[in-house]
Amino acid sequence: MQKEATGMLGHFMAIAPFFNEMILEDSGICITDLEKVLYYKPAKELNLKIQAGLPLRPEMAAHAAISENVRIIRRMPAMLHGIPFIAIANPVYDGTGQVVGAVVVIQSVELQEEIKRISTVLEKSMAIIAGTVDEVVAQTNEIAILSKLLAQSKPESVNPVNE
């Protein structure tokens, strides 16, 4: 069984060098067995400087995927590797259904942070626009009232001049 488990992880390791070319987003990949990192390829724009042989720690997404036997998606804090990132960890199984390791896709949060920043700017801009529209509506209403008053008073002011 260990040979098959190594084989399954070996298959992931065989495609890992080509991983970034197969997907649209810039992502890194990390492959682990039950105890340590076997392979790490950083994203082009995000390098966590993980070395093969690094023991798994409880705060790592791979550790959680293995111990909980489920897919884990986490936003990882900067305190773990010095850079915040998103980790998507999936357990890897052997032919008998036993967890033998994990494959973790690592993505930068830079795009999310930029979208969040832009949405905040848009929200503030929309509030300013809404306030401006309210002012224009109020001024338009005032002009409409004044126009009505002028239209009503016009016949009275014209009659005395004609007499």
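Now for a quick tour of the structure. (Residues numbered from 1 in each chain as written. Predicted model: local features only at pLDDT ≥ 70, side-chain atom pairs only at ≥ 80, totals over all residues. Heavy atoms only, no water.)

On the surface, a nonpolar cluster with roughly 390 Å² of combined accessible area is contributed by Ile15, Phe18, Met22 and Ile23. With respect to the helices and strands, Met22 occurs in helix α2 (residues 19-22). (Patch = residues over 30% accessible without salt bridge, like charges linked within 9 Å, V, L, I, M, F, W, Y side chains within 5 Å. Areas by Shrake-Rupley, 256 points an atom, 1.4 Å probe, with all protein chains shown as cover. Salt bridge = Lys/Arg side-chain N within 4 Å of Asp/Glu carboxyl O. Helix = DSSP H or I, 4+ residues; strand = E, 2+ residues; numbered from the N terminus.)

Next up on the list: the pairing of strand β1 (residues 27-32). Extensive coverage of β1 is indicated by the burial of 6 of its 6 residues. Neither face of β1 is left uncovered, since the one carrying Ser27, Ile29 and Ile31 and the one carrying Gly28, Cys30 and Thr32 both have all their residues buried. In terms of strand pairing, β1 meets strand β5 (residues 99-108) through 6 bridges, oriented antiparallel. From the neighbouring strand, Cys30 faces β5, where its bridge partner is Val104. Pairing of β1 with strand β2 (residues 37-41) involves 4 bridges; the strand directions are antiparallel. Note that in β2 the partner of Thr32 across the bridge is Val37. Taking the residues that link successive antiparallel strands as the turn, the β1-β2 hairpin has 4 residues. (Buried < 20%, exposed > 50% of the residue type's maximum accessible area, 1.4 Å probe, protein only. Pairing = 2+ DSSP bridges.)

As a further point, take empty space enclosed by the protein. Under the defined criterion, the tally for this structure stands at 1 cavity of 30 Å³ or more. In this model, the largest cavity occupies a volume close to 130 Å³. Together, 15 residues line the largest cavity, and Ile50, Met60, Ala61, Ala62 and Val104 are the ones closest to its centre. Only β1, α3 (61-68), α4 (78-81), β4 (85-93) and β5 provide two or more residues apiece to the lining of the largest cavity. The residue inventory of the lining of the largest cavity, partitioned by class, reads 13 nonpolar, 2 polar and no charged. (1 Å grid on protein atoms, 1.4 Å probe; cavity = no way out; pocket = protein on both sides within 12 Å on 5 of 7 lines; lining within 4 Å. Points joined across faces, edges and corners; volume = space filled by probe spheres on them. Nonpolar A, V, L, I, M, F, W, Y, C, P; charged D, E, K, R; others polar.)

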